[in-house]
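Structural description and commentary
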Amino acid sequence: MNDAPTDASTAPFHQDVVRNLICRQARYPDVATPHDWYMALAYSVQGRMLARWAASTKTYAARDVKVACYLSAEFLIGPQLGNSLLNLGMQAEARDAMRVLGQDLDALLALEEEPGLGNGGLGRLAACYLDSLATLEIPAIGYGIRYEFGIFDQQIRDGWQVECTDKWLQKGNPWEIVRYDVGYYVSFGGHTESTTDAEGRLRVRWIPSRQVKGVACDMPMQGYRVNTCNMLRLWKSEAVESFDFQDFNAGQYYQAVEEKVVSETLSKVLYPNDEPDAGKRLRLAQQYFFVSCSLQDMLRLMDAKGTSIEKFADLFAAQLNDTHPSIAVAELMRLLIDERLLSWDAAWDLTQRTLAYTNHTLLPEALETWGLPLFASLLPRPLEIIYEINRRFLDDVRRRFPGDDARVARMSLIDEAGAKKVRMAHLASVGSHSVNGVAALHSDLLKRTVLRDFAEMYPERFLNVTNGVTPRRFLMLSNPGLARLLDATIGTDWTRDLARLDALAAHAGDAAFHDAWRAIRRENKAALAARIAAETGIAVDPDALFDIQVKRIHEYKRQHLNALYIIDLYNRLRRHPELDVAPRCFVFGGKAAPGYAMAKLMIRLINGIAEVVNSDPALDGRLKVVFYPDFNVKNGHWIYPAADLSEQISTAGKEASGTGNMKFMINGALTIGTLDGANVEIREEAGAENFFLFGLTAQQVEELKASGYRPADYLQRNDALRDALEQIAQGRFSRGDTEMFRPLLDNLVHHDPFLVLADFAAYVECQEQVSDAWRDARQWTRMSIMNTAHSGKFSSDRAIAEYCARIWNTRAVRIDLAQP
Ligand code: 26Q
């Protein structure tokens, strides 16, 4: 890709880097470390973005534009330097400049600590959407939390996951701009009082027991080859009191310091998902904190623009990324009624017209609820507002469905069965004008299961927007070899319109193109093999089939199904060494929630299998098993482009969409998968003949469960499965320890909630088809090309265009750099 010249008026770029090295990093070249050079380079790139950011903000302030606000507790943005250089079109310029300064750009890129401000799919989706919003020139703000400690770093010791605190800020963050002048107060605790004001209106005063200040920390989000630069605004919590020493006696002084510590704790750490006891007070406080700051910020921007409050919903659209920010329904009502003195009806109209909700899960245990006592003590005023929303809403339900008390109880914002709880998904659905799922199947199941009553009452609110991923980071940046081949073969239009990749199909039979395709894939695999060797000491053959499953470790994602297959394959090879099995390298990656014992045991099992398989001389290295530690965005750059086979094997009906499946497909991997989440659409696009399908459908899963699923039946019928489980029980993969995996085995044999045993035979059979297909290299390459060619739908540009047109009613605004 040729880099367009940029900022011709400025001095040579390398001079700018040296200036920043001295003036920002306070080092001179002779003594600068590589990290100093990284910081200096980052500041210089930041400068280029801020010029565009200024032009963008100025344009938004001056013109009649609508701004899309993406509210998310997580933004898993990944390393910024490489992506910013790509989007600014200055990769070559930066490489040359650093060479002049005696530095290697790739070495500097490798130094960047990624901000791990998310758990996985949901947080990464938010980041992809910011990239697409800026690239499509949509005025937008991402609002979230600036966690001091993001997702933990994962180490593997003795085969077990060990969590280490993430220290992404330890060496400073060159990308953020802390705006001490942009801050808001957020109240907690205390009580409310009702009064009547001079005009005779009922007014409620919230007298909190504590206030915290939120300070804006901004990161620029540069669009690809456009001038639009939007911002990601993350809130950091601070103590309100700047305490004055003279005013305190000793006791008060320490109390004040303690207050300060408590306030700063709010944005300290990201909560992992899948924690059994995630209903923590601090988590709810975090959610309210960032939502309140964000809504107050939107109101201030409206005031600054001189727009009147009645126009709020024309100025902003706010998307709730799952229920984590759904307290926005109550908080926007509170701000409009208590602080802006609007009537209930006017406030409700604005709230509903502004907010829209995206659901990311059907798993009942993952649907957020908060106990009433906790809610009442932390957020007394928002809770009063929720009660009033509920009272009016349930009146509507009764009017629509007279006498249907069961329905009223099902739909209530408060779950009254047992310990009372606020149901956040209900609050979000009632307070929004739009509710969407993240893949066609998921949106459909949403309407038929968890939000069925709501879909019946408000059918016009429900829609599907299938997820997407950014082709800039996940193809151009991480697979430059393939990107160059695409440019040379079909031109460069695909970078902004991924659907253009379909032109590749015409080359799917071309032998010379095959050679080029295979050479690039071979190089990517060799690069991953080198990382694997460096990280784990395991030698893998780049010519083996790379069979990869990377994602959070969870029973519903069924990494253990994959593991059982490996054991079976291993057993067959041991028994029949002459078997003609194509060499395979199985790679796993992903973090388990620290409190999710079963997931941690699954990691231990994979490593136990790796230990046995990798060291067995009888295999001649034909099978290798790798657990790649600390899977994150940065490691993903190496992993996705090197995969031949993408494992998407969740129990049908459980994975809302998946986005890793899309990253693999774009890079030319074939998928082995169930009809779950976006796999359904991936198969539709790729063509059934280019996808390895197996397993029960979502409907069959439900039927089997309803009819009384007995995992033991499947065991009885399948010798290979029984052997595999038996070996685990006998300590074959735990150095003789027969107790280690007992919880996992007991669970599979007696409960198997995710139907691993029921799908095992079909999975093995499908993997055999994979092996057969791999033998025919020409055919495999053809299928690989077809996957990339038909991956256009899975660009986040397509997804964002749908959000803009169908939910937000926002439009592109061209940014002119030469501002008056
Ligand atoms: C909730 C309460 C308390 C603490 C943590 C949480 C919490 C945090 C993160 C709950 C869930 C998450 C993340 C969920 C997630 O990543 N879901 C995934 O979203 C992707 C994007 O839509 C989908 O592709 C995946 O299918 C879905 O699993």
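Everything here concerns the structure above.
Quick look at the structure, then. These numbers come from a predicted model, not from an experiment.

1. What about the environment of L136?
Following the sequence through the fold, L136 ends up in the loop between α6 (121–135) and β2 (140–145). For L136, a relative accessible area of 26% translates into the label partly exposed. Spatially, the C-alpha atom of L136 lies 57 Å from that of G736, the residues being 600 residues apart in sequence. Discounting chain neighbours no more than four positions away, the residues touching L136 are D797, I800, A801 and A812.

2. Some details on the pairing of strand β8 (residues 210–222)
Of all 13 residues in β8, 11 are buried; the element is thus mostly enclosed. In terms of strand pairing, strand β5 (residues 177–188) meets β8 through nine bridges, oriented antiparallel. Counterpart to R179 in the pairing with β8 is A216. In terms of strand pairing, β8 meets strand β9 (residues 229–239) through 11 bridges, oriented antiparallel. Bridging across to β9, M221 finds its partner in N230. Connecting β8 to the antiparallel partner β9 that follows it, the hairpin turn spans six residues, and R225 within it adopts a positive phi of roughly 55°.

3. Some points on the pattern of salt bridges
Enumeration over the complete set of coordinates arrives at 63 salt bridges. Across the salt bridge formed by R572 and E768, the nearest N and O atoms sit 3.4 Å from each other. Of the two residues, R572 is situated in helix α21 (residues 559–575) and E768 in helix α30 (residues 756–775); the sequence distance between them amounts to 196 residues. Using a relative accessible area of 28% as the deciding quantity, one classes E768 as partly exposed. Across the salt bridge formed by R742 and E739, the nearest N and O atoms sit 2.7 Å from each other. A relative accessible area of 44% places E739 in the partly exposed class. In the salt-bridge network here, residues are joined through shared partners; they are D345, E388, R391, R392, D395 and R398.

4. A few points about the packing of aromatic side chains
Applying the stated criterion to the full structure yields 19 aromatic pairs. Here the aromatic rings of F188 and Y288 are separated by 5.8 Å at their centres, their planes lie at 80°, and the arrangement is edge-to-face. Taken together, the residues F188 in strand β5 and Y288 in helix α8 (residues 281–305) connect sequence positions 100 residues apart. Since its relative accessible area comes to 0%, Y288 is described here as buried.

5. Points about the sheet that holds strand β22 (residues 692–693)
Strand order in the open sheet formed by six strands is β19-β18-β17-β20-β21-β22, and the pairing between neighbours is parallel. Either end of the sheet is taken by a strand with one partner, and the two such strands are β19 (623–628) and β22. Pairing between strand β18 (residues 584–589) and β19: six bridges, direction parallel. The residue of β19 that forms the bridge with R584 is L623. The sheet contacts of helix α22 (residues 597–614) involve β18 and β19, and relative to β19 the element is tilted by about 145°.

6. So, the site of the ligand
Not every one of the 21 residues close to the ligand is listed here, only the nearest: L122, H360, N467, E655 and G658. In this structure, an oxygen atom belonging to the ligand sits 2.9 Å away from a side-chain N or O atom of N467. Here A656 contributes a backbone N or O atom positioned 3.3 Å from an oxygen atom of the ligand. Contact with the protein chains removes 88% of the 620 Å² of surface that the ligand exposes when unbound. It is α6 that contributes the most residues to the shell around the ligand, three residues altogether. Split by residue class, the shell around the ligand holds eight nonpolar, nine polar and four charged.

7. Quick word on empty space enclosed by the protein
Over the atoms rolls a probe the size of a water molecule, and its path tells where empty space is left. Overall, the coordinates contain six cavities of 30 Å³ or more when judged by the stated rule. Each pocket or cavity is described by its volume, and for the largest cavity that value is around 150 Å³. In terms of lining residues, the largest cavity is bounded by 14 residues, among which Q80, N83, D131, M221 and R473 are the most central. When contributions to the lining of the largest cavity are tallied by element, the ones reaching two or more residues are α3 (81–88), α6 and β8. Of the residues assigned to the lining of the largest cavity, the class counts are five nonpolar, six polar and three charged. Considering the residues around the second largest cavity, the lining is formed by 13 residues, among which Y38, E113, W168, G172 and P174 are closest to the centre. Split by residue class, the lining of the second largest cavity holds seven nonpolar, three polar and three charged.

8. Considering α22
Under the 1.5 Å per step criterion, the end-to-end length of α22 is 26 Å for 18 residues, consistent within 8% with the ideal 26 Å. Taken across its 18 residues, α22 has 15 buried, putting it largely inside the fold.

9. Some remarks on the nonpolar core
Core analysis: the largest hydrophobic core is formed by 149 residues, its most contacted members being L41, F188, F375, I389, F393 and W808. Looking at which element gives the most residues to this core, the answer is helix α2 (residues 34–62), with 12 residues. With residues near it in sequence (within four places) discarded, L41 still touches F13, V17, L81, A94, M98, L105 and L108. Counting residues in each nonpolar core, the second largest holds 69 residues, with L561, V612, L670 and L745 among its members.

10. Some thoughts on a nonpolar patch on the surface
Among the surface-exposed residues, I22, Y28 and V31 lie close enough to one another that they form a single nonpolar patch of about 280 Å² accessible area. Along the chain, the position of V31 falls in the loop between α1 (13–23) and α2.

11. Looking at the pairing of strand β11 (residues 355–358)
Neither face of β11 is exposed, since L355 and Y357 on one face and A356 and T358 on the opposite face are all buried. Judged from the four bridges that link them, strand β10 (residues 316–321) and β11 form a sheet pairing that is parallel. Across the sheet, residue Q319 finds its bridge partner in β11, namely A356. Sheet topology note: the β11/strand β15 (residues 435–437) ladder contains two bridges and is parallel. Looking at the pairing, Y357 lines up with V435 of β15.

Conventions we followed
- Residues numbered from 1 in each chain as written.
- Predicted model: local features only at pLDDT ≥ 70, side-chain atom pairs only at ≥ 80, totals over all residues.
- Heavy atoms only, no water.
- Helix = DSSP H or I, 4+ residues; strand = E, 2+ residues; numbered from the N terminus.
- Buried < 20%, exposed > 50% of the residue type's maximum accessible area, 1.4 Å probe, protein only.
- Contact = heavy atoms within 4.5 Å.
- Pairing = 2+ DSSP bridges.
- Salt bridge = Lys/Arg side-chain N within 4 Å of Asp/Glu carboxyl O.
- Phe/Tyr/Trp six-rings, centres within 6.5 Å; stacked < 30°, edge-to-face > 60°.
- Axes fitted to C-alpha atoms, helices over the stretch in contact; angles between N-to-C directions.
- Near = heavy atom within 4 Å.
- Polar contact = N/O pair within 3.5 Å; in protein donor to acceptor, adjacent residues only side chain to side chain.
- Areas by Shrake-Rupley, 256 points an atom, 1.4 Å probe, with all protein chains shown as cover.
- Nonpolar A, V, L, I, M, F, W, Y, C, P; charged D, E, K, R; others polar.
- 1 Å grid on protein atoms, 1.4 Å probe; cavity = no way out; pocket = protein on both sides within 12 Å on 5 of 7 lines; lining within 4 Å.
- Points joined across faces, edges and corners; volume = space filled by probe spheres on them.
- Expected span 1.5 Å × (residues − 1).
- Core = buried A, V, L, I, M, F, W, Y, C linked by side-chain atoms within 4.5 Å.
- Patch = residues over 30% accessible without salt bridge, like charges linked within 9 Å, V, L, I, M, F, W, Y side chains within 5 Å.

These figures capture arrangement, not role.
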